[in-house]
Amino acid sequence: MKIIVAEHFGICFGVRDAIAQAQALARKAPLTILGELVHNPIVREQLRAQGVREEASDRAPQTSRVMITAHGTSDKRREALTKRGLVVADGTCPLVRHAHEQLKQLVHAGYFPVVIGLANHVEVRGLVGDFADAFVVSESADIQKLPARPRYGIISQTTQPIDRVRALVAEITRAHPDTEIRFADTVCKPTKDRQLALKKLIAAADVIVVVGGRQSNNTRQLVETCRAAGKRALHIERPEELQPEWFRGVRVVGLTGGTSTLPETVEAVRQRLEEFHD
C-alpha cells in the first residue's frame, strides 16, 4: 500500500502563532481562553496540561487575563471584555483580521454586508458581530431570504473552499441582477493551498485520510471535497482511530490534515499506515 502525503497540509501560521502566544502567556500568569483556541482536541489537551484554562465565550472567565481565539471576535465584544477590567490578549489570525477589515470597508462604502460561511461558527459570529443587519449565506437556499438592497458587499469565512464561495457569489448575482455586487476574496491562502493539494491527492489515491478536529470547518471541508469528487474519505483526529480493515484492497492512500492539525499528528498517522503496509 502506497502512502502519498499532500504537498500542503496541517497547521497554518495563524494557528501556530496563536498556540505559541497562549503558551508564552500561560508561563507568565494564569490564562483563560475564551472558547476553543483552535478546533483541535490534541492541541487543547496540550494547553490544559500547561495550565491554560478554557471557558465558553459567553461565561465569566476564571482569570483576569483572557485570550481571544484564532477565530477572532467583534470589536463590540473586545471592548466589552476590556470594560470588565480584564486583561485581553488577542490571538486572532491575521488573515481573519483581514476579513474583518474587508467587511468594514465594504460597509463604510455603502454596501450591505453579506458573509458566506457557517452561521453558527465562531469566526462568522465575530465577523457579523459589529453589523446588526449583516446576512449570512451558508447554502444556496439562504439566497432566497437575502433582503433586497441596491448594493451587496460580500466576503467569506476564511476557511471556506474558494470554489464553493465563488459559486455562491455567482448564484447571488443571478438571483439579484439589479443589485451592485462587490466581492472581496477573504478565503485564506493556507485553506486554498490545502484544497488545491487535496485535488491532486484525489486524482492519485484510492482513499484519503483527513486528520483534524471534528469541529474544524476547514478539516470538514477537506472531507466534503473528497466525497463530492466521489472519493472515500476517512476523517480522524488521532492515529489510533485507524483500523487495518479499512484499507483492505487499497493500493494508494492519500494523507492530509486541516490547518489546526499538528505536523507530529500527521506523521504519527503516516507511521500507523506504514504498519498496516507491513
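Note that the coordinates shown come from a computational prediction; the quantities given were computed from them, not determined experimentally.

What counts and what doesn't
Starting from 1, residues in each chain are numbered consecutively following that chain's sequence as written. pLDDT decides what is reported in this predicted model: residues at 70 or higher carry local features, side-chain atom pairs at 80 or more are listed and counted, and totals for whole chains, interfaces and linings draw on all residues regardless. As a convention, hydrogens and water are excluded, and side-chain values are obtained from all of the structure's heavy atoms. Only DSSP runs of H or I with at least four residues qualify as helices, and only runs of E with at least two residues qualify as strands; both kinds are numbered from the N terminus onward. Only the C-alpha atoms count toward the radius of gyration. The rule for a globule is 2.2 Å times the residue count to the power 0.38. For each residue, the accessible area found with a 1.4 Å probe, counting protein chains only, is set against the maximum for its type, and the residue is called buried under 20%, exposed over 50%, and partly exposed in between. Contact definition: two residues touch when any of their heavy atoms are within 4.5 Å. Accessibility throughout is a Shrake-Rupley quantity obtained with a 1.4 Å probe, and a residue counts as covered only by protein chains that appear here. Strand pairing follows a simple DSSP-based rule, namely that at least 2 bridges must link the two strands. Convention adopted: a line fitted to C-alpha atoms gives each axis, helices being fitted over their contacting stretch, and angles between N-to-C directions are expressed from 0 to 180 degrees. Should an angle fall under 35 degrees it is called roughly parallel, over 145 degrees roughly antiparallel, and 65 to 115 degrees roughly perpendicular, with every other angle called oblique. Each crossing gets its handedness from the near helix: less than a right angle anticlockwise from the far helix is left-handed, clockwise is right-handed. Any residue outside Ala, Val, Leu, Ile, Met, Phe, Trp, Tyr, Cys, Pro, Asp, Glu, Lys and Arg is labelled polar, Gly included; the first ten of those are nonpolar and the last four are charged. Each aromatic pair joins two rings of Phe, Tyr and Trp (for Trp, the six-membered one) with centres within 6.5 Å, and gets the label stacked for planes under 30 degrees apart, edge-to-face for over 60, and tilted for any other angle. Geometrically, a lysine NZ or arginine CZ counts as sitting over a ring once it is within 6 Å of the ring centre and also within 35 degrees of the ring normal. Any pair of N or O atoms that falls within 3.5 Å is considered a polar contact. Within protein, one atom must be able to donate a hydrogen and the other to accept it, and sequence-neighbouring residues count only if both atoms are side-chain atoms. Multiplying one less than the number of residues by 1.5 Å gives the expected span of a helix. For a crossover, the right-handed case is the one in which the path from the first strand over the helix to the second runs clockwise, viewed with the strands pointing away from the viewer.

Draft legend 1. Broad picture of the overall build of the protein chain. The secondary structure content of the protein chain amounts to 10 helices and 12 strands. Its C-alpha atoms give the protein chain a radius of gyration of 20 Å, near enough to 19 Å, the size a compact globule of 278 residues would have. Seen through its principal axes, the protein chain has C-alpha atoms that stretch 60 × 55 × 25 Å. Relative to its 278 residues, the protein chain shows a buried fraction of 52%. Pairs at least 24 residues apart make up 71% of the contacts formed inside the protein chain by residues separated by at least 6 positions. Of the roughly 12,900 Å² of accessible surface on the protein chain, a fraction of 49% belongs to carbon and sulfur atoms.

Draft legend 2. Spatial organisation of the sheet that holds strand 9 (residues 180–183). The sheet built from 4 strands is open, its strands ordered 7-6-8-9 with parallel pairing. Of all the strands in the sheet, just strand 7 (135–137) and strand 9 have a single pairing partner and so form its edges. Averaged over all neighbouring strand pairs, the angle between strand axes comes to 25 degrees, with direction disregarded. As defined by bridge partners, strand 6 (residues 112–116) adjoins strand 7 across 3 bridges and the pair is classed as parallel. Its bridge partner being in strand 7, Val-114 is matched across the sheet by Phe-135. Strands strand 6, strand 7, strand 8 (151–156) and strand 9 of the sheet are contacted by helix 7 (residues 162–175), whose axis makes an angle of about 140 degrees with strand 6.

Draft legend 3. Representation of the packing of helix 8 (residues 189–204) against helix 9 (residues 217–228) within the structure. Contact pair helix 8 / helix 9: the axes reach a minimum separation of 10 Å and the direction vectors enclose 30 degrees. The orientation of helix 8 with respect to helix 9, classified from their angle, is roughly parallel. Handedness of the helix 8/helix 9 crossing: right-handed. Contacts between helix 8 and helix 9 involve Thr-191, Arg-194, Gln-195, Leu-198 and Ile-202 on the former and, on the latter, Asn-218, Gln-221, Leu-222, Thr-225 and Cys-226. Of the residues assigned to the contact of helix 8 with helix 9, the class counts are 4 nonpolar, 5 polar and 1 charged.

Draft legend 4. Representation of the packing of aromatic side chains in the model. All chains considered together, the criterion is met by 2 aromatic pairs. Arranged with centres 6.2 Å apart and planes meeting at 55 degrees, the rings of Phe-112 and Tyr-152 form a pair that is tilted. A residue pair is termed long-range when its members are at least 10 positions apart, and Phe-112 in strand 6 and Tyr-152 in strand 8 qualify at 40 residues. As far as burial versus exposure is concerned, Phe-112 and Tyr-152 are alike and both buried. Ring centres of Phe-247 and Phe-276 lie 5.7 Å apart, and the angle between their planes is 35 degrees; on these two criteria the pair is classed as tilted. One end of the pair, Phe-247, is in the loop between strand 11 (232–236) and strand 12 (252–257); the other, Phe-276, is in helix 10 (residues 263–277), and 29 residues separate them in sequence. Phe-247 sits in the buried class, given a relative accessible area of 5%. If you follow Arg-149 out to its NZ or CZ, it ends over the ring of Phe-112, 4.8 Å from the centre.

Draft legend 5. Representation of the sheet that holds strand 10 (residues 207–211) in the model. Taken in spatial order, the 4 strands of this open sheet run 1-12-10-11, and their pairing is parallel. Both edges of this open sheet fall to strand 1 (2–5) and strand 11, since each of them pairs with a single strand only. Averaged over all pairs of adjacent strands, the angle between their axes in this sheet comes to 25 degrees, without regard to strand direction. Seen against the sheet, helix 9 touches strand 10, strand 11 and strand 12 and runs at an angle of roughly 165 degrees to strand 11.

Draft legend 6. Spotlight on the side chain of Ser-138. Following the sequence through the fold, Ser-138 ends up in the loop between strand 7 and helix 6 (140–143). In terms of polar contacts, Ser-138 uses its side chain to reach the backbone amide nitrogen of Ala-119, at 3.3 Å. Apart from residues lying up to four places away in sequence, Ser-138 is in contact with Gly-117, Leu-118, Ala-119 and Arg-164.

Draft legend 7. Here's a closer look at helix 4 (residues 94–108). Compared with an ideal rise of 1.5 Å per residue, which puts 15 residues at 21 Å, helix 4 spans 21 Å between its outermost C-alpha atoms and is within 8% of the ideal. Where helix 4 is buried, its residues contact helix 3 (75–83), strand 6, helix 5 (122–128), strand 8 and strand 9. One or two steps after helix 4, the chain reaches Gly-110, where phi turns positive at roughly 95 degrees.

Draft legend 8. How the structure looks around the side chain of Gln-195. Take Gln-195: it is sitting in helix 8. Only 2.9 Å separates the side chain of Gln-195 from the side chain of Thr-225, close enough to count as a polar contact. Those residues in contact with Gln-195 that lie beyond four places of it in its chain are Pro-161, Gln-221, Leu-222 and Thr-225.

Draft legend 9. Quick look at the pairing of strand 10. Burial runs high along strand 10: 5 of the 5 residues are buried. Going residue by residue along strand 10, you find Val-207, Val-209 and Val-211 tucked away on one face and Ile-208 and Val-210 tucked away on the opposite face as well. Bridge count between strand 10 and strand 11: 5 bridges; the pairing is parallel. Counterpart to Val-207 in the pairing with strand 11 is Arg-232. Tracing the backbone out of strand 10, into helix 9 and back to the parallel element strand 11 gives a crossover that is right-handed. Pairing geometry for strand 10 and strand 12, over 5 bridges, is parallel. The residue of strand 12 that forms the bridge with Val-207 is Val-253.

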